[in-house]
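These are the residues of each chain, in order.
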Amino acid sequence: ASHGGAQDDSAKLSVSIRWPIFACMFYFLSAALTTPAMPSFINQLVNDDGSMRVTERGVDLKGTFDSIDQLFTFFFDPIWGTVSDRVGRRPLQVLSCVGYTFGWATVACASPLWLLFAGRALDGTTSCMLPICQSSVKDISAPEALARNLGTLQGVAIGMAFLIGGSAGGALVQFESPRLNFAIASSVAAFAAVVLALFSPETLRPEDRAQRVEWKRANPLSTLVRLGKSRMSLAASTSFLLFWFGLNGLQVNLYNYTAYRYGWAPSVALGLQAASGLVLAASNALGPGYLGSLVGEMNVVRIGLVGFAASLAGMAVSQTGWAFAASVIAGSVATVCLPGLTGLVAAQADKDDVGATLAALDSMSTLDRFVAYKVMSRLFAWGIAHGQVGTHFYAGAGCALLGWVAFEVALCTAPRTRRGVAPEVCA
């Protein structure tokens, strides 16, 4: 009977995890549809002749435009994460999709610049899908399966969403106005909101919910407290954020960089993005389980951080498009470390504080994007003016190496009895 009960639990887990994957995938599918369109849309806005030509002004405004979303997410993410620990995950998943529905619709229809910024601000205010879905996975995962399941979420949901959405969005922008991409993205988000509201189950059991919403902890400053509650949590968060600082520099400038340095059309950059998304999906979904069983979870993190630094340096020095593409693919493989770092942070959280803790990590990731989008866009714009267009990649490589150092220091000094820290020898 006990064995049969274990099988039933396993079956429930197999079914339940599909819903966080569905929610996350359709949310990021909506975002991915707009990714190829946004650079062209911004360039058309700022260029006097209405062309899509890459200019310093367009690169800089795109960084500002993207950062608006991130700034509002930074302030509201901790609130929604804390609320989800009390009311459950599903209401916040629906909220995120509703925000995207109206946010992208505003960009699709509005002309005044302030209305476009208002649409991005609305997106940021309701943007909490990733940490809420990660919390759902934590709700239904055994401790030993957490890193693997988080990898499945990030690989299948996010990786495949950007592969499919980026490909479809890139094809659309070749033939229609970029605004059509935003309209379709709004429709996709609306569809997901309806399905989640009507059919998705709640993953947070009533007995595991917080007794009340801790409003004092639902603020951006609480993220530092939560993520710094242990040395390992602080180091894993720091490494995660430094990794993403470099990755954000690649993402925000990819289309403009390849057009400027290699003369690529958006469709070529799209092909690279699609291939990269496929590799990222496989790396995150399969890597933590298979590679982790061979070398250990901590070594997976090491390989990812150091490998990503090397990949970014390779992007900076690549003289040909093929060499650049190879470095980008290598960087996608290196994302194998991200589920492990996320799992380490989640393992430090108390049972009724998981949603708030992962929302804290996402909130800091949002601040990371807010700063990185602007800094890396400025560095690229500076590079255009001074003939050093790879500067932002060198900066990202340095960040990844700093993340590796922080991880090693914490691993060698954190108490071995702390949850989530494997008893591995420092190296």
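Residues numbered from 1 in each chain as written. Predicted model: local features only at pLDDT ≥ 70, side-chain atom pairs only at ≥ 80, totals over all residues. Heavy atoms only, no water.

(A) Structural context of the overall build of the protein. Helices and strands together make up the secondary structure of the protein, namely 17 helices and zero strands. Against the compact-globule benchmark of 22 Å for 427 residues, the protein has a radius of gyration of 21 Å, which places it among compact chains. In terms of its C-alpha atoms, the protein occupies a principal-axis envelope of roughly 70 × 50 × 40 Å. The buried share of the protein, taken over its 427 residues, is 57%. Here the analysis covers contacts within the protein between residues at least 6 apart in sequence; of these, 83% occur between residues at least 24 apart. Counting every atom, the protein has about 17000 Å² of accessible surface; 67% of that belongs to carbon and sulfur. The positive charge centre, built from 29 side chains, and the negative charge centre, built from 26, are 3 Å apart in the protein. (Helix = DSSP H or I, 4+ residues; strand = E, 2+ residues; numbered from the N terminus. Rg over C-alpha atoms; globule rule 2.2 N^0.38 Å. Buried < 20%, exposed > 50% of the residue type's maximum accessible area, 1.4 Å probe, protein only. Contact = heavy atoms within 4.5 Å. Areas by Shrake-Rupley, 256 points an atom, 1.4 Å probe, with all protein chains shown as cover. Lys, Arg positive; Asp, Glu negative; His and termini not counted. Charge placed at Lys NZ, Arg CZ, Asp CG, Glu CD.)

(B) Inspection of the environment of Phe-22 at higher detail. Its location among the elements puts Phe-22 in helix α2 (residues 18–34). With 131 residues separating them in the primary sequence, Phe-22 and Leu-153 have C-alpha atoms 9.2 Å apart. What Phe-22 contacts, discounting residues up to four positions off in sequence, is Phe-191, Ala-192, Val-195 and Leu-196.

(C) Representation of the side chain of Ser-239. Turning to its location among the elements, Ser-239 is positioned in helix α11 (residues 231–262). Ser-239 gets classed as buried once you look at its relative accessible area, which sits at 0%.

(D) Quick look at the nonpolar core. The biggest cluster of nonpolar side chains holds 49 residues, and the ones touching the most others in it are Cys-24 and Phe-182. Top element by residues in this core is α2. It accounts for nine residues. With residues near it in sequence (within four places) discarded, Cys-24 still touches Met-129, Leu-130, Cys-133, Leu-153, Ala-157 and Ile-158. Of all hydrophobic cores here, the second largest spans 46 residues; its members include Val-59, Met-298, Phe-380 and Ile-384. (Core = buried A, V, L, I, M, F, W, Y, C linked by side-chain atoms within 4.5 Å.)

(E) Main features of helix α17 (residues 391–413). An ideal rise of 1.5 Å per residue puts 33 Å on 23 residues; α17 measures up with 34 Å between its terminal C-alpha atoms. Those residues of α17 that sit buried are His-392, Phe-393, Gly-396, Ala-397, Cys-399, Ala-400, Gly-403, Phe-407, Glu-408, Ala-410 and Leu-411. Against α11, α13 (297–317), α14 (321–334), α15 (337–347) and α16 (354–386) lie the buried residues of α17. (Expected span 1.5 Å × (residues − 1).)

(F) Summary view of the side chain of Asn-253. Within the secondary structure, Asn-253 is located in helix α11. What Asn-253 contacts, discounting residues up to four positions off in sequence, is Val-59, Met-376, Ser-377, Phe-380 and His-392.

(G) Representation of a nonpolar patch on the surface in the model. Residues Val-306, Leu-401, Trp-404, Val-405 and Val-409 make up a contiguous nonpolar surface patch of roughly 390 Å² in combined accessible area. Secondary-structure assignment places Trp-404 in helix α17. (Patch = residues over 30% accessible without salt bridge, like charges linked within 9 Å, V, L, I, M, F, W, Y side chains within 5 Å. Salt bridge = Lys/Arg side-chain N within 4 Å of Asp/Glu carboxyl O.)

(H) View of the environment of Leu-234. With respect to the secondary-structure elements, Leu-234 resides in helix α11. With residues up to four places along the chain from it excluded, the contact list for Leu-234 reads Leu-227 and Gly-228.

(I) Inspection of the packing of helix α4 (residues 56–87) against α16 at higher detail. Across the interface, α4 lies against α16 with an axial gap of 7 Å and an inter-helix angle of 175°. The orientation of α4 with respect to α16, classified from their angle, is roughly antiparallel. A class-by-class count of the residues in the contact of α4 with α16 yields 15 nonpolar, twelve polar and nine charged. (Axes fitted to C-alpha atoms, helices over the stretch in contact; angles between N-to-C directions. Parallel < 35°, antiparallel > 145°, perpendicular 65-115°, else oblique. Nonpolar A, V, L, I, M, F, W, Y, C, P; charged D, E, K, R; others polar.)

(J) Main features of helix α12 (residues 266–295). The largest bend in α12 is about 55°, located at Gly-287, with the proline Pro-288 one to four residues further on. One or two steps after α12, the chain reaches Gly-296, where phi turns positive at roughly 95°. (Bend = angle between axes of the 7 residues up to and from the residue.)

(K) Fine view of the packing of aromatic side chains. Enumeration according to the criterion identifies 21 aromatic pairs in this entry. A centroid spacing of 4.6 Å and a plane angle of 40° characterise the contact between Phe-22 and Phe-26, whose relative ring orientation is tilted. Of this pair, Phe-22 and Phe-26 both sit in helix α2, four residues apart, which is roughly one turn of that helix. Of the residues examined, Phe-26 reaches a relative accessible area of 22% and is grouped as partly exposed. Ring plane angle 85° and centroid distance 5.2 Å describe the contact between Tyr-27 and Phe-28, whose orientation is recorded as edge-to-face. You'll find Tyr-27 and Phe-28 in the same group, each marked buried. What links up through ring pairs into an aromatic cluster is the set Tyr-27, Phe-28, Phe-41, Tyr-100, Trp-104, Phe-162 and Phe-182. (Phe/Tyr/Trp six-rings, centres within 6.5 Å; stacked < 30°, edge-to-face > 60°.)

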